[in-house]
Structure formats: structure tokens, C-alpha cells
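Coordinate inspection notes
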Amino acid sequence: MQEIAYILLVKKMSVYKITELKKILPSFIIALSGCVLVLCFPQKTADAVRTGIGFCMNILVPSLFPFMIISAFVSNSGLGYALGKALNKPAKLLFGLNGAGCIALLLGIIGGYPVGGATVGIMYDKGYMNEKQAEKAAYMCVCSGPGFLINFVGASLYSSAETGFLLYLSAVSAVIATGITVNLTIKSKDDTVQKTVPSKQREDIALSITRSVAQATKSTVDMCSAVILFCILANLGTILISNYTVQKGFIILTEVTNACNILCGKESLVLIAFAVGFGGISVHFQIFRALGNVKINRLLFFVFRIIQGILTALFTKITLWFFPQTVQVFSSTQNSTAVMTSSSFFGSFMLIITAVCFLYSLKFNKNKIGG
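Observations regarding the packing of helix α11 (residues 244–254) against helix α13 (residues 269–278)
Interaxial distance between α11 and α13 falls to 9 Å at its minimum, and their mutual angle equals 35°. Residue-level contacts link K248, I252 and L253 of α11 to L271, F274, A275 and F278 of α13.

Structure (C-alpha cells):
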């Protein structure tokens, strides 16, 4: 009996070790691969870090940090709830949200990502949205802001604020269309609106301001860290990938600021619009972090981002039909060989679809999990 018990114990320990090994194996492979790549390409890694820091200091922080403070203040002070009361009916009809959720959507459109996700997280913690409304809002409050599109992409990269404004209009239209799609896809029997704000959630103005600045600072640091990380991944990925079409898809997949900086002036405005609507994995991770306690299905979130990217590209294409002079401004900055063909667009699109298998089909994505 003792021998049998010993054998069973050894087998049980072996099964336990194998199970534990399976849990840590993906993390081990990622960590090992990262170390090898950084050691093999130290200069490229350093260049990518400098590029990422430059994006943060010159583009993202100046344009996003003020809006992060404003969005946090609107949520913490109860102003978003008060203003949202007037939007309860249209918000529920179009998006299945209450007025507070609609305010989060508007702040995301004005401020850009990840302002919308951060606002949803705070609104949910304050009790201004229920769980289902917060989940819906998380899927739709993703938009590139006017500061990024008009000032950086339009004025800086294309020397045309008009081009950036066109992209921004397409992005906003795609957000609204995606929001309606989310509402039609995710139905909830409980879309009740909270009648009163709990007294414990009320804050005086001074406390709201200080808390908002602290939250905005933390969100900004998280955002910059993600941007730098994915700039490194994009830079190293282009070294390992020789095919230009696959390179484009990988750049779009990783980080949107880097993608615009590299592809603007080389590729069609329609492809740039898709990249802006999709946002990139870097933005997705920033939003997951900003959502806090809001639980979402990350695979579904990724699918909605693909839909939003396609819609942004479609709206841009339609707008170019009505405003052909914008195409002329854009085309003047391109090389003759930089015109995007349909095969390159769908090649990039299929690469993003394929990446789902690696990034979002893990076990923890099969169920709803927190951001």
C-alpha cells in the first residue's frame, strides 16, 4: 500500500509540475525572446526607445494630458452625471447607455484614446453606470482625438490641416456607427439609469481637482510606457520581416503613432484611416489598463476595433469622392510608387486577423475578464 501511495503521489506531483509549466511557458517564451532580441539589436532598441519618448513628449502628452485631467474631473466632481441627464433618452436609443456613458463617449471623441476608456472606468467606479452599460461603453469609447489627427497627422505629416480634419470626421463617424453596432450586438435587459448620485460619491472641487490630476498623471505614465514598448516591438519586427506588405500590417497592428509617422506620405489615406480607426495593440492595452474594474471580453473588443478601422477607411473613401481636392493635397506628398493597391490593404487586414490567434485566443480571453 505504501508503494502504491508513493507512486500515486509522484504521479500527482508530476501532473502538477506539468500544469504549472504550461501556465508559465508563454511568459517564459516572451521574456526569453525579448532578452534575445534586445541583446542582438541593442542599437535598434535604443533608437526605438528614443522614438517612443519623442512621440510621448512632443505629441501625446501635450495633446492628451489636459483632456485626461478634464475627463477625470468631469467624472469625479459629478459633473458628467449632471450633464448626462439631458442625454439619457438619445443615449439609450442609439447606444444603450445612460447619459453618463454618453458623456464618456463625447469626452473620448474630443480627447482621443485612451481618454474615453479612462472616463468609463471612473464613471463605473462612481456608480454612474451599471456593469452592462460600462461594458458597452468600453467597446465604443475609442477614438483618435483632433489634436493627434489635425495637428500631428494633418498639419505635420501631410502639411494640410484639412486632411487631418477629414480623417477626424471619418473617425468620429466610425465611432458613432460602431457604437450603434455594439448596441445592436450586445443587448441587455437592465439598462436602468441611476436616479440619484450617492452622497459618498460627491467630492468638493479642490479634492476633485487634485484627484483628477493624480489619475491623469498615472494614466499618462501608463500610456507613455505602452507607446515606448510597442515602438520597440514595431522596430524589431520590421527588422525580422522582409516583406513590405507584412511589415505594414505589423506596424499598423502595434502602435498607431509610429504607424502614421512611417506610413503617411507613402501609403493611401484610406490605409492610414484604417490604422487610425483600429488604434493598434498599444492603444488597446492602454484602454484595458484605464478601464480598471470594468469587465470586458477582449476578443470582442478586438473585433469591434477591426470593424471600426474598416468603417473609418470606408468613410474616408466616401469623403474623398465629395472632396477630391483633399486627395490632391495628399497625393502631392507621395511618391509615385506609394499608391496602395487593394491587395496590400487586404494583406495588412488579413495579417491583423491572423494576429488574433496569437494575441487574443488565449485561455483568459474565452471568458469576460477585467481590464
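The discussion continues.
Some remarks on helix α7 (residues 131–140)
Turn by turn, an α-helix covers 3.6 residues, leaving residues three or four places apart pointing in a common direction. The element α7 is extensively covered by neighbouring structure, given that eight of its 10 residues are classed as buried. Along α7, the positions that sit buried rather than exposed are Q133, A134, E135, K136, A137, A138, Y139 and M140. N-cap assignment for α7: the residue whose side-chain oxygen lies 3.2 Å from the backbone N of K132 is N130.

With respect to the packing of aromatic side chains
To describe a pair of aromatic rings, one takes the distance between the centres and the angle between the planes. Tallying each qualifying case throughout the model produces eight aromatic pairs. Between the aromatic rings of Y81 and Y128, the centroid separation amounts to 5.3 Å while the plane-to-plane angle is 35°, which identifies the pairing as tilted. Of this pair, Y81 sits in helix α3 (residues 79–84) while Y128 is found in the loop between α6 (115–126) and α7, placing the two residues 47 residues apart along the sequence. Under the relative-accessibility criterion, Y81 is labelled buried at 7%. Relative to F152, the ring of F148 has its centre 5.5 Å away and its plane inclined at 35°; by these criteria the two rings are tilted. One end of the pair, F148, and the other, F152, are both in helix α8 (residues 146–157), four residues apart, so they sit about a helical turn from each other. For the pair F148 and F152, a shared accessibility class is recorded, and that class is buried. Of the aromatic side chains, those joined through ring pairs into one cluster are F230, F285, F288 and F301. It is R298 that lies over the ring of F288; its NZ or CZ is 4.6 Å from the centre. Here the guanidinium or amino end of R305 rests over the ring plane of F301, the centre of that ring lying 4.7 Å away.

Topic: the pattern of salt bridges
Here the structure, examined in full by the defined rule, presents five salt bridges. Between D222 and R289 there is a salt bridge, and its shortest N-O distance comes to 3.4 Å. Taken together, the residues D222 in helix α10 (residues 205–240) and R289 in helix α14 (residues 281–291) connect sequence positions 67 residues apart. The class of D222 is partly exposed, set by a relative accessible area of 26%. Residues E267 and K248 are paired through a salt bridge, measuring 3.3 Å at the closest nitrogen-oxygen approach. Here K248 lies in helix α11 and E267 lies in the loop between α12 (256–263) and α13, a separation of 19 residues in the sequence. When its relative accessible area of 3% is taken as the criterion, E267 is described as buried.

Here's the deal with the confidence of the model for the protein
Averaged over all residues, the pLDDT of the protein is 80; the fraction at 70 or higher stands at 77%. When the criterion is pLDDT under 50, residues 192–200 qualifies, and its contacts beyond four places in sequence or with other chains add up to 12 contacts. A low-confidence stretch, residues 325–371 stays under pLDDT 50, and its non-local contacts, those more than four residues away or across chains, total 87 contacts.

Thresholds, definitions, all that
Counting restarts for each chain, with residues numbered from 1 along the sequence as it is written. Where totals are concerned, whole chains, interfaces and linings use all residues; where local detail is concerned, this predicted model gives features only for residues with pLDDT of at least 70, and gives and counts side-chain atom pairs only at 80 or more. Heavy atoms from the whole structure form the basis of all side-chain values; hydrogens and water molecules are not counted. Axis definition: a line fitted to C-alpha atoms, over the contacting stretch in the case of helices. Angles run 0 to 180 degrees between N-to-C directions. In this description a helix means any DSSP run of H or I spanning at least four residues, a strand means any run of E spanning at least two, and both kinds are numbered starting from the N terminus. Contacts are residue-level and defined by heavy atoms, with any inter-residue pair within 4.5 Å sufficient. For the exposure calls, accessible area comes from a 1.4 Å probe over protein chains only, and a residue counts as buried if that area is under 20% of its type's maximum, exposed if over 50%, partly exposed in between. Any pair of N or O atoms that falls within 3.5 Å is considered a polar contact. Within protein, one atom must be able to donate a hydrogen and the other to accept it, and sequence-neighbouring residues count only if both atoms are side-chain atoms. Only Phe, Tyr and Trp rings are paired, with Trp represented by its six-membered ring, and only when their centres lie within 6.5 Å; those with planes under 30 degrees apart are stacked, over 60 edge-to-face, the remainder tilted. In this scheme, the term charge over a ring applies when either NZ of a lysine or CZ of an arginine sits within 6 Å of the ring centre and within 35 degrees of the ring normal. The working definition used for a salt bridge is a side-chain nitrogen of Lys or Arg within 4 Å of a carboxyl oxygen of Asp or Glu. pLDDT is a per-residue confidence score from the predictor, ranging from 0 to 100.

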